[in-house]
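Residues per chain, in single letters:
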Amino acid sequence: MTQITPLLLPAAAEDNVEFRPMPGASNPHLQTMLPRILRRRLQFTAQWQRLELPDGDFVDLAWSEDPQQAKDKPRLVVFHGLEGSLHSPYAHGLIHAAKQRGWLGVVMHFRGCSGEPNRLNRIYHSGETEDGSAFLHWLHNELGPAPTAAVGYSLGGNMLGCLLAKADDSLPLNAAVIVSAPLVLEACSLHMDKGFTRFYQHYLLNLLKANATRKLKAYPGSLPIDLAQLKRVRRIREFDDLITAKAHGFDDAIDYYRRSSAMPVLPQIRKPTLIIHAKDDPFMDHHVIPAAGHLPANIEYQLTEHGGHVGFVGGTLRRPEMWLEKRIPDWLAPYLEA
C-alpha cells in the first residue's frame, strides 16, 4: 500500500474505501451486468471533438463540458475497455462524477471506437500506448498546465499500465487508476474459453466483428482479412491472431499477448497509482493478481472479494450505488485538488 499521503478523509470518503455489494447481488455475473441495466443514459450533454493525429488518422474526444471554458479545472481522462466508448456505463458514470466535483472530464476513444471507422490499416490494442501518451501531452499543451489524472478500465487499464511504465517524468499526469485490467493477456485469453465466460467472449467478439465489418466496408483492404474470413472467426484469440497481431507488427496472438501485458512492467511505474480488481472477475483468474512484493510503494493495490468485471454495484435495488464513482474520485482528490 502506498504511504504517499496520510489523509484525514471525511467520514463519507472513508465509507467508500471498502466495497460492499448490493444485498442479494454479489454474484459476479450479476455485478458485471447490473451497470448496463441501471446506467443506460448519459447524465450530461457531452461536447465532442475530433483530434487529428500526425499519421493522418484521428481519435474522438468526449468532454464533460467545453474544455476551453474549463481549462483551469482539474482534469480526469478516461481510457475505455474493449469496444467501449463514452456510452459505456463506467465511462459516462465516472465523467459525470468528475463533473459533479468540479473537474473537467474527457473520454479518449481508441481508434475506430467512437462510431466511425478510423482511416489507416490498423485499429487499437491492449499495448498501444502511443495515442494515449500523445493525447496527454496534447491536452497539457493545448489547455495549459493543470492537475491531471487518468483512469483505465479493462483493456484501457492494461494499456494505461503499459503507458505509465514507459513514461518518463515529462508525462503530464499526477496520478492514475487501473480497474479490472487483464494484466496477463495470454492467461485471460485462455480463461475466456472456459464455462460461462464463453458468453462474454461471444458478446465481445460480436462487437469486434461488427466494428471490423464497418471498417472493411468503409475502407476495403484496410485489415489483414476480408469480410468472408471475418465471418468465420469464432474466438477472440483467433481475431487477435488474424487481425490485431498482423495489423500491428506482432508474429501472432501469443506474441501480441506476451509483449503487451502490463503485469511484467508494473514495477517500472513511478506515478501514484491505484489498481482495483475483484477476485470474482469472470473475465480473468488469479494470474492477474500481482505477487506479494511485485509492486512498488507508489502503487496501491485493492483486491475486493466481489465486484465482477467493472461492476462494483452497491447500495440497494431502490437506491443503487456505483462504488467506483465514489472510490476513484475520493482517491484522486488529493492529487487533483492539492
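- For the chain, the name recorded in an unreviewed UniProt entry is Putative esterase YheT, with Pseudescherichia vulneris NBRC 102420 as its organism.

### Looking at the nonpolar core
Where a protein is soluble and globular, its nonpolar side chains tend to be buried together.
Move 1: L61, F135 and F239 are the most contacted members of the largest nonpolar core, which totals 59 residues.
Move 2: The element that contributes the greatest number of residues to this core is helix α5 (residues 155–166), accounting for seven residues.
Move 3: When residues are assigned to domains, this core turns out to be shared by domain 1 (15–183 + 264–337) and domain 2 (185–260), each giving three or more.
Move 4: Setting aside residues no more than four positions away along its own chain, L61 makes contact with Q47, W48, Q49, L51, V106, V107, M108, F135 and W138.
Move 5: If you look at the next biggest cluster of nonpolar residues, it comprises 33 residues, including I276, A278, W323 and L324.

### Notes on the UniProt feature "active site" (unreviewed entry) in the chain
Move 1: Here the UniProt-annotated "active site" (unreviewed entry) positions come out as S154, D281 and H309. Judged by maximum C-alpha separation, these annotated positions cover 156 residues in sequence but sit close together in space, the widest gap being only 10.8 Å.
Move 2: For S154, the position within the fold is in the loop between β5 (148–153) and α5.
Move 3: What makes S154 buried here is its relative accessible area of 13%.
Move 4: Take D281: it is sitting in the loop between β7 (273–278) and β8 (299–304).
Move 5: Assessed through its relative accessible area of 2%, D281 is described here as buried.

### So, the environment of Y257
Move 1: Here Y257 is to be found in helix α10 (residues 253–260).
Move 2: C-alpha of Y257 to C-alpha of G132: the two residues are 125 residues apart in sequence and 19 Å apart in space.
Move 3: Discounting chain neighbours no more than four positions away, the residues touching Y257 are L185, E186, S189, I236, R237 and D240.

Rules and cut-offs
Residues numbered from 1 in each chain as written. Predicted model: local features only at pLDDT ≥ 70, side-chain atom pairs only at ≥ 80, totals over all residues. Heavy atoms only, no water. Core = buried A, V, L, I, M, F, W, Y, C linked by side-chain atoms within 4.5 Å. Buried < 20%, exposed > 50% of the residue type's maximum accessible area, 1.4 Å probe, protein only. Helix = DSSP H or I, 4+ residues; strand = E, 2+ residues; numbered from the N terminus. Domains from an automatic or database assignment. Contact = heavy atoms within 4.5 Å. UniProt positions renumbered as here; feature names shortened; annotations may be inferred.

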